[in-house]
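# Chain and residue survey
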Amino acid sequence: MTEPLLKVEGLKKYFPITGGLLGRTKGQVKAVDDISFYVNEGETLGIVGESGCGKSTTGRMLMRLLDPTEGKVTFDGKELTSLSASEMRKARRDIQMVFQDPYASLNPRHSIEKILMEPLNVHNIGDPKERKRKVHEFLEIVGLSSYHAKRYPHQFSGGQRQRIGIARALMTNPKLIIADEPVSALDVSIQAQVLNLMQDLQRDLKLTYIFIAHDLGVVRHISDRVGVMYLGNMAELADTESLYEKPLHPYTQALLSAVPVPDPEFVREEVVIKGDVPSPANPPSGCRFHTRCPFKMDICSQEIPRLAEVEPGHSVACHLYEESRPQ
Ligand code: SF4
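Within an unreviewed UniProt entry, the label attached to the protein chain reads Dipeptide/oligopeptide/nickel ABC transporter ATP-binding protein, and the organism entered is Planococcus maitriensis. Database annotation for the protein chain, UniProt heading Sequence similarities (unreviewed entry): "Belongs to the ABC transporter superfamily."

This is the structure we're talking about:
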């Protein structure tokens, strides 16, 4: 069996909480707490969860825009977590990011040509003539035109700006793209166009995606497998069809029962969760979902359920499935 393109093992990110006159550390926000997953070449892994669940922090750690507190990230056979800053800069040629707000991530004073040339300059790819040719080529690839190169970000619509954000991510011919809520700032009709563009690019350029979003419908549309995060943990991870048709974790069931289904024949059992997400500075003991779970048992507040495969390709972290786990 071939090795996955990306492998994440025991990844954690704790942010210190400081306070008082001396700025002493008073506690920690456990934004991501021991998650593991892999992504195969050419596939899309969706990561879904409510805001504050740690999905964006995870994306940033994979790029080492944030250094993990603990854990290992292996990409294309290289352990990213042990690379020096300059080695990591080189590795970023193969891993690029698309952000939620393309306007905030595009320098308003730079022309599109300058913005798209920047990654080529940073990684010393091609001579000035080749760089210019590549800018024009990639503008066309994302559905814009060469003449757009001379314009500035404010002259484009939200959807066009996200196409520019995608073109910028593609300039270095990366293998992996981490897209963090890439369509959530766009109108629904434009969302579909950008998602279709991303799917076409994946097919034509053999890209691998990690697609981070809070919208379950959007994630379903584009992902081969989906991981559901809750309060810094991975609650469930499965291939898309199995996760959406037969969710196992009570949190996934609750998220999905809130999503309208277009088929009137289809009846999904409603799982209602109470209360708000607890603070990651003081997460509940045992299963982090136990304070809101309608199926809570005694063991749930005492023992952390580990993520384990209970059906082929379907893993869940929940004590309800204790008997289905491999020993
Ligand atoms: Fe609910 Fe317990 Fe499963 Fe957590 S481990 S989701 S509290 S049943």
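Moving on from the model shown.
We now examine the sheet that holds strand 5 (residues 78–79). The strand order across the open sheet formed by four strands is 2-1-4-5, and the pairing between neighbours is antiparallel. Where the open sheet ends on each side, the last strands, each with one partner, are strand 2 (24–39) and strand 5. Summarising the sheet, strand 1 (residues 6–19) and strand 4 (residues 70–75) pair through five bridges and their orientation is antiparallel. Pairing of E9 across the sheet is with K72, part of strand 4. Sitting on the sheet, helix 1 (residues 55–62) is in contact with strand 1, strand 2 and strand 4, with an inclination near 115 degrees to strand 1.

Let us look at the packing of aromatic side chains. Across all of its chains, the model carries three aromatic pairs by this definition. The interplanar angle of 55 degrees and the centroid separation of 4.6 Å between the aromatic rings of Y230 and Y251 together place this pair among those described as tilted. With Y230 in strand 9 (residues 225–230) and Y251 in helix 10 (residues 250–257), the pair connects residues that are 21 residues apart, well separated along the chain. Across the pair, Y251 and Y230 agree in class, each one buried. Ring geometry for Y230 against F289: centres 5.0 Å apart, planes inclined by 80 degrees, an arrangement best described as edge-to-face. With a gap of 59 residues between them, Y230 in strand 9 and F289 in the loop between helix 10 and strand 11 (308–311) connect regions that are remote in the sequence. Classification of Y230 as buried rests on a relative accessible area of 4%. The buried category is assigned to F289, whose relative accessible area is 1%. An aromatic cluster of three or more residues is present, and its members are Y230, Y251 and F289. Of note, R225 hangs over the ring of Y38, and the distance from its end group to the ring centre comes to 4.2 Å.

What follows concerns the site of the ligand. The environment of the ligand is made up of H249, P250, C287, F289, H290, C293, F295, C300, C318, H319 and L320. Judged by the fraction of its atoms near the pocket grid, the ligand is located in the largest cavity. Of the residues in the shell around the ligand, the class split is eight nonpolar, three polar and no charged.

As a further point, take empty space enclosed by the protein. Scanning the entire structure with this criterion turns up two cavities of 30 Å³ or more. Estimates place the volume of the largest cavity at around 70 Å³. As for the largest cavity, its lining consists of H249, P250, C287, F289, C293, F295, M297, C300, A317, C318, H319 and L320. Here the residues of the lining of the largest cavity are counted per class, giving 10 nonpolar, two polar and no charged. Taken as a whole, the second largest cavity holds about 30 Å³ of empty space. What lines the second largest cavity is V98, I166, L170, I177, M198, L201, L207 and Y209. Only helix 6 (158–170) and helix 7 (188–205) provide two or more residues apiece to the lining of the second largest cavity.

To continue, consider the pairing of strand 1. Two elements, strand 1 and strand 2, share 12 bridges in a ladder whose sense is antiparallel. Looking at the pairing, L6 lines up with V39 of strand 2. Linking strand 1 to strand 2, which pair antiparallel, is a turn of four residues; within it G20 sits at a positive phi near 75 degrees.

This brings us to the sheet that holds strand 9. Strands sit in the order 6-7-8-3-9-10-12-11 across an open sheet of eight strands; the sheet is mixed. Only two strands of the sheet have a single neighbouring strand rather than two, namely strand 6 (95–98) and strand 11. Taking each pair of neighbouring strands and ignoring which way they run, the sheet shows an average axis angle of 20 degrees. In terms of strand pairing, strand 3 (residues 44–48) meets strand 8 (residues 208–213) through five bridges, oriented parallel. Counterpart to I47 in the pairing with strand 8 is I212. Lying over the sheet, helix 6 contacts strand 6 and strand 7 (176–180), oriented at roughly 170 degrees with respect to strand 6. Of the strands in this sheet, strand 9 and strand 10 (233–239) touch helix 10, which is tilted by about 105 degrees from strand 9.

Criteria and thresholds
- Residues numbered from 1 in each chain as written.
- Predicted model: local features only at pLDDT ≥ 70, side-chain atom pairs only at ≥ 80, totals over all residues.
- Heavy atoms only, no water.
- UniProt positions renumbered as here; feature names shortened; annotations may be inferred.
- Pairing = 2+ DSSP bridges.
- Helix = DSSP H or I, 4+ residues; strand = E, 2+ residues; numbered from the N terminus.
- Contact = heavy atoms within 4.5 Å.
- Axes fitted to C-alpha atoms, helices over the stretch in contact; angles between N-to-C directions.
- Phe/Tyr/Trp six-rings, centres within 6.5 Å; stacked < 30°, edge-to-face > 60°.
- Buried < 20%, exposed > 50% of the residue type's maximum accessible area, 1.4 Å probe, protein only.
- Lys NZ or Arg CZ within 6 Å of the ring centre and 35° of its normal.
- Near = heavy atom within 4 Å.
- 1 Å grid on protein atoms, 1.4 Å probe; cavity = no way out; pocket = protein on both sides within 12 Å on 5 of 7 lines; lining within 4 Å.
- Sits in = over half its atoms within 2 Å of the grid points.
- Nonpolar A, V, L, I, M, F, W, Y, C, P; charged D, E, K, R; others polar.
- Points joined across faces, edges and corners; volume = space filled by probe spheres on them.

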